[in-house]
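What follows is each chain in one-letter form.
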Amino acid sequence: MVSEHFGFTGSMVALLTPMNSAGQVDKASLKKLVEYHISSGTSAIVSVGTTGENATLNHNEHVDVVLMTLEIADGRIPVIAGTGANATAEAISLTNCFENTGVVGCLSVTPYYNKPSQEGLYQHYKVIAENTDLPQILYNVPSRTGCDLLPPTIARLAKLKNIVAVKEATGNLSRVSQIQELVNDENFILLSGDDGSYIDFMQLGGKGTISVTANVAAAEMAQICKLAEQGEFVAARSLNSRLMELHHQLFIEPSPAPAKWACRQLGLIADDTLRLPMIPLTQEGQEAVGKALKVAGLL
């Protein structure tokens, strides 16, 4: 197991991919976002995960955005590449693009739409792991993918040398103890993918979160996670209380539309453009997210 060397802990941001009004990647805004996270104490950046709109970027754009993020970061913050796909060969191809680039690991979402069996999921991740030396983080978000990576399958995968962590985004806190009971490796890292319950997740033994909210409240999320890591859960919950509405409203409409709109309001990106079939936040959504930003003290 190699996870202890890479520090997949604390507040990691599921970074959005800024685009200009023509729908092209906006490198100037990307630079501003990366600098914002470095100065705010974010633990790591996940580049072109699902929040980064991997589904609407083509293969070359996907790779280019990760490499741009690495270039801007310049070793000042770890960068994890999103490399998930619903075809195993495509996931391997994406993963191989980041060998020897400086990426510290890969976040690989479960295959979507085709609903593989648990054995299919095991074989998918096993073959990916066999074709790379990069540390792999499993990503389970059945509400978006239509398939659920179950704890017994995670336990099987955790035995493979470079599968080092799982991002659990079910919001089901019982999964923490289920995975802990089945995984016989104290170095295997459990990460939350649900902003509404990440403190509870950490109190049960999780080591951090890969967060959408961190896009707009980076310093606050970093501070809360540090308190949680130190066992200061009363203080962590107190600080998190003003972010609770934001955690929920950033998903009032399909992500990342709310987060992009919020980042634009905060001056972090120049435009909140998305690519179809994703559409910008509605007026009703803007009012809800704007209110949550004010409650959080960000506007």
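Calculation notes
- One numbering rule holds for all chains: residues counted from 1, following each sequence as written.
- Where totals are concerned, whole chains, interfaces and linings use all residues; where local detail is concerned, this predicted model gives features only for residues with pLDDT of at least 70, and gives and counts side-chain atom pairs only at 80 or more.
- Hydrogens and waters are ignored; side-chain quantities use all the structure's heavy atoms.
- UniProt positions are given in the numbering used here, feature names are shortened, and annotations may be inferred rather than shown by experiment.
- Residues grouped as a nonpolar core are buried Ala, Val, Leu, Ile, Met, Phe, Trp, Tyr and Cys residues, joined through side-chain atoms within 4.5 Å.
- Only protein chains enter the area calculation, which uses a 1.4 Å probe; residues under 20% of their type maximum are buried, those over 50% are exposed, and those in between are partly exposed.
- Each helix is a run of H or I in the DSSP string that is no shorter than four residues. Each strand is a run of E no shorter than two, and both are numbered from the N terminus.
- Salt bridges are defined by distance alone: a side-chain nitrogen of Lys or Arg within 4 Å of a carboxyl oxygen of Asp or Glu.
- Angles here are taken between N-to-C directions and fall from 0 to 180 degrees, while the axes themselves are lines fitted to C-alpha atoms, restricted in helices to the stretch in contact.
- The labels follow the angle: roughly parallel below 35 degrees, roughly antiparallel above 145, roughly perpendicular from 65 to 115, and oblique for the rest.
- Left-handed is the label given to a crossing in which the near helix is rotated counterclockwise from the far helix by less than a right angle, and right-handed is the label when the rotation is clockwise.
- Contacts are residue-level and defined by heavy atoms, with any inter-residue pair within 4.5 Å sufficient.
- Following the grouping adopted for this structure description, the nonpolar residues are Ala, Val, Leu, Ile, Met, Phe, Trp, Tyr, Cys and Pro, the charged ones are Asp, Glu, Lys and Arg, and the polar ones are all others, Gly among them.
- Only strands joined by at least two bridges in the DSSP assignment are considered to pair.
- In this scheme, a helix's expected span is set at 1.5 Å multiplied by one less than its residue total.
- Read the arc as the range of directions from the helix axis to the C-beta atoms.
- Pairing of N or O atoms within 3.5 Å defines a polar contact, subject to two protein rules: one partner must be a possible hydrogen donor and the other a possible acceptor, and residues neighboring in sequence count only if both atoms are side-chain atoms.

In the nomenclature of an unreviewed UniProt entry, the chain corresponds to 4-hydroxy-tetrahydrodipicolinate synthase from the organism Xenorhabdus mauleonii. Of the chain, the UniProt comment under Catalytic activity (unreviewed entry) reads exactly: "L-aspartate 4-semialdehyde + pyruvate = (2S,4S)-4-hydroxy-2,3,4,5-tetrahydrodipicolinate + H2O + H(+)". Here is the UniProt Function (unreviewed entry) comment for the chain, exactly as written: "Catalyzes the condensation of (S)-aspartate-beta-semialdehyde [(S)-ASA] and pyruvate to 4-hydroxy-tetrahydrodipicolinate (HTPA)."

J.: Could you give an account of the nonpolar core, naming the residues involved and the relevant values?
T.: By size, the foremost hydrophobic cluster in this structure holds 56 residues, and its most contacted members are Leu246, Leu250 and Leu293. When residues of this core are traced back to their parent elements, those giving at least two are α1 (27-40), α2 (59-73), β3 (79-82), α8 (198-203), α9 (218-229), α10 (233-240), α12 (257-265) and α13 (283-295). Residue contributions to this core peak at seven residues, all from α2. Cys147, Val166, Val176 and Leu190 belong to the second largest nonpolar core, which has 24 residues in total.

J.: So what's going on with the pattern of salt bridges? Which residues, and what values?
T.: Overall, the coordinates contain 12 salt bridges when judged by the stated rule. Asp272 serves as the salt-bridge partner of Arg264, at 3.2 Å between the closest nitrogen and oxygen. By relative accessible area, which is 38% here, Arg264 ends up partly exposed. We classify Asp272 as buried; its relative accessible area is 12%.

J.: Account for the packing of α9 against α10, naming residues and giving values.
T.: At a minimum axis separation of 8 Å, α9 and α10 run at an interaxial angle of 160°. Comparing their axes, α10 and α9 come out roughly antiparallel. As for how α9 packs across α10, the hand of that crossing is left-handed. Each of Gln223, Ile224, Leu227 and Ala228 in α9 lies in contact with α10, whose residues at this interface are Phe233, Ala235, Ala236, Leu239 and Asn240. Residue composition of the contact of α9 with α10, grouped by class: seven nonpolar, two polar and no charged.

J.: Talk me through the sheet that holds strand β7 (residues 189-192); I want residue IDs and the actual numbers.
T.: Judged by pairing direction, the barrel is parallel, and its eight strands sit side by side in the order β1-β2-β3-β4-β5-β6-β7-β8 before closing back on the first. Averaged over all pairs of adjacent strands, the angle between strand axes in this sheet comes to 25°, irrespective of strand direction. Where β3 lies against strand β4 (residues 105-109), three bridges are found, and the strand directions are parallel. Residue Ile80 lies in a different strand from β4, and its bridge partner there is Gly105.

J.: Summarise α9; cite the residues concerned and give the values.
T.: Compared with an ideal rise of 1.5 Å per residue, which puts 12 residues at 16 Å, α9 spans 16 Å between its outermost C-alpha atoms and is within 8% of the ideal. Within α9, the full set of buried residues consists of Ala218, Glu220, Met221, Ala222, Ile224, Cys225, Leu227 and Ala228. In this structure, the buried residues of α9 make contact with β1 (10-14), α1, α8, β8 (208-211), α10 and α11 (244-249). Count one or two residues on from α9 and you reach Gly231, which has phi positive near 80°.

J.: Quick one: what's the story with α10, residue by residue and with numbers?
T.: For α10, the set of buried residues is Phe233, Ala236 and Asn240. The arc that holds the buried residues of α10, viewed along the axis, is 60°, so those residues lie on one side. Those residues of α10 that are exposed and angled more than 90 degrees off the buried face are Val234 and Ser238. In this structure, the buried side of α10 is in contact with α8, α9 and α11.

J.: With reference to specific residues and values, describe the UniProt feature "active site" (unreviewed entry) in the chain.
T.: Here the UniProt-annotated "active site" (unreviewed entry) positions come out as Tyr139 and Lys167. Maximum C-alpha separation among the annotated residues is 4.7 Å over a sequence range of 29 residues, consistent with a single clustered spot. As for its placement among the helices and strands, Tyr139 is situated in strand β5 (residues 136-140). Overall, the relative accessible area of 7% leaves Tyr139 in the buried class. If near-sequence neighbours (up to four positions away) are discounted, Tyr139 is found in contact with Thr50, Leu107, Ser108, Val109, Thr110, Tyr125, Lys167 and Ala169. By secondary structure assignment, the location of Lys167 is in strand β6 (residues 163-168). Looking at Lys167, the relative accessible area reads 4%, which means it is buried. Discounting residues that sit within four places of it in the chain, Lys167 has contacts with Leu107, Ile137, Leu138, Tyr139, Asn140, Leu191, Ser192, Gly193 and Ile210. Side-chain polar atoms of Lys167 contact the side chain of Tyr139, separated by 3.4 Å.

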